[in-house]
Amino acid sequence: MSKPRDFQHDLERSLPAIASMSTSLSQSQGFSPHYYVSLEKRKAISDVRRTFCLFVTFDLLFVSLLWIIELNTNNGIRKNLEIEIIEYRFKTSFFDIFVLAFFRFSVLLLGYALLKLRHWWVIAFTTLVSSAFLIVKVILSELLAKGAFGYLLPIVSFVIAWLETWFLDFKVLSQEAEEERWYLAAQAAASRGPLLYSGALSDGQFYSPPESFAGSDDESDEADVGRKALTAQEKEYVQQGKEAMEVVDQILAQEENWKFEKNNEFGDVVYTIEIPFHGKTFILKAFMQCSAETVYQEVILQPERMILWNKTVAACQILQRVEDNTVISYDVAAGAAGGVVSPRDFVNVRRIERRRDRYISSGMSTTHGLKPPLSKYVRLEF
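Residues numbered from 1 in each chain as written. Predicted model: local features only at pLDDT ≥ 70, side-chain atom pairs only at ≥ 80, totals over all residues. Heavy atoms only, no water.

Engineer: Give me the environment of E84: which residues, what numbers.
Structural biologist: Relative to the elements of secondary structure, E84 occurs in helix α4 (residues 77-86). Separated by eleven residues in sequence, E84 and F95 place their C-alpha atoms 6.0 Å apart. Once residues within four sequence positions are removed from consideration, E84 is found in contact with W67, E70, L71, S93, F94, F95 and K146. Within the structure, E84 has its side chain in polar contact with the backbone nitrogen of F94 (distance 3.2 Å). (Helix = DSSP H or I, 4+ residues; strand = E, 2+ residues; numbered from the N terminus. Contact = heavy atoms within 4.5 Å. Polar contact = N/O pair within 3.5 Å; in protein donor to acceptor, adjacent residues only side chain to side chain.)

Engineer: So, helix α10 (residues 292-301): which residues are in play, and what are the values?
Structural biologist: Across the ten residues of α10, nine count as buried, placing the element largely inside the fold. Three or more residues of α10 are buried, namely A292, T294, V295, Y296, Q297, E298, V299, I300 and L301. (Buried < 20%, exposed > 50% of the residue type's maximum accessible area, 1.4 Å probe, protein only.)

Engineer: Tell me about the environment of I45, and name the residues and values.
Structural biologist: In this structure, I45 sits in the loop between α2 (39-42) and α3 (47-71). Expressed as a C-alpha distance, the spacing of I45 and K116, which sit 71 residues apart in the sequence, is 7.9 Å. Residues within four places of I45 in sequence aside, it is in contact with R50, C53 and Y112.

Engineer: Report on the pattern of salt bridges, specifying residues and quantitative values.
Structural biologist: Here the idea is simple: oppositely charged side chains can pair when their charged atoms come close. Counted according to the given criterion, the structure contains twelve salt bridges. Among the salt bridges present, the one from D59 reaches R104, with a minimum N-O distance of 2.8 Å. Placement of the pair is D59 in helix α3 and R104 in helix α5 (residues 95-114), with a sequence separation of 45 residues. By relative accessible area, which is 0% here, D59 ends up buried. For R104, the salt bridge identified is with E164, shortest N-O distance 4.0 Å. One end of the pair, R104, is in helix α5; the other, E164, is in helix α7 (residues 148-191), with 60 residues separating them in the sequence. The same class applies to R104 and to E164, which are both buried. Through salt bridges that share partners, D249, E323, R351, E353 and R355 make up one connected network. (Salt bridge = Lys/Arg side-chain N within 4 Å of Asp/Glu carboxyl O.)

Below, the structure is given as structure tokens:
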């Protein structure tokens, strides 16, 4: 089974959180060069910034429409134009509210469409001027005696000015900063090799962990490692990895008890199962258009590249390679919902085993001296 999706998108949508298993289907495709082209070359103006510019234009047009409707009452548009523009009086004219909308339109498009500024000071200035002017006008003018439009125009102008501020600050600038961070991280990942192995990889192109078999846990740690003696802390890491692998084995052994939750048109299926002491566990079963070796290469050997296909990950690195099957990793999950969900970080011990034609990866939370908890992240454990 195959799907008309590229490799990056398959990885992002299909890798399970607790274990990764792949069946060899076909050769993988390389990462798109789109990730390595600067934001300026990829697109002259971002989609979210274009939407902001449209909203600023809407501000001018909407206020203009309301003003024209107000002019088309009683004496007609021509007469009212003479009264509000030629015979302008601050206390009774709506013309200055239209000029204020045009002022916001001109300054904001100049700053954020033509100059492509990435700072909030321009909109802070326009919003401050608009708010101060409207408050003074409402207090000193006689517009409230002119009926509904005396209330409507100042309120609409005030609200739209603040909506523009919110949209720029929480959507445009934050999203563009995040895209820039992805671009810089992609450049850094592309310029550096995998963290686990700095030299040539064995087996032609890939490094593979020693093949593991069920029941091998009875052997001593020294026999498992084979090449070096482990410290007490490293033995604890190895034991934690084996405990996590036991949980994965329990899940795989109870496939008949998996509860179906949902699927999609590509054959990806989500199941759940209740695991004692672990609670409800979600399982994603999916086919991928690549070999198991390719998934192992991209996900395990080159963790820094994860940011290229998983936009929820802000950083990923290997802190320590304990032995052939056990590594300590550090991951940072990006914040979401405009800062409502804080960035989270994880320190995990991960065990990788090769069992004939499949790779199995399991992990659990741990601690490591290189990454103590930081105040800017919420440290999560699982």
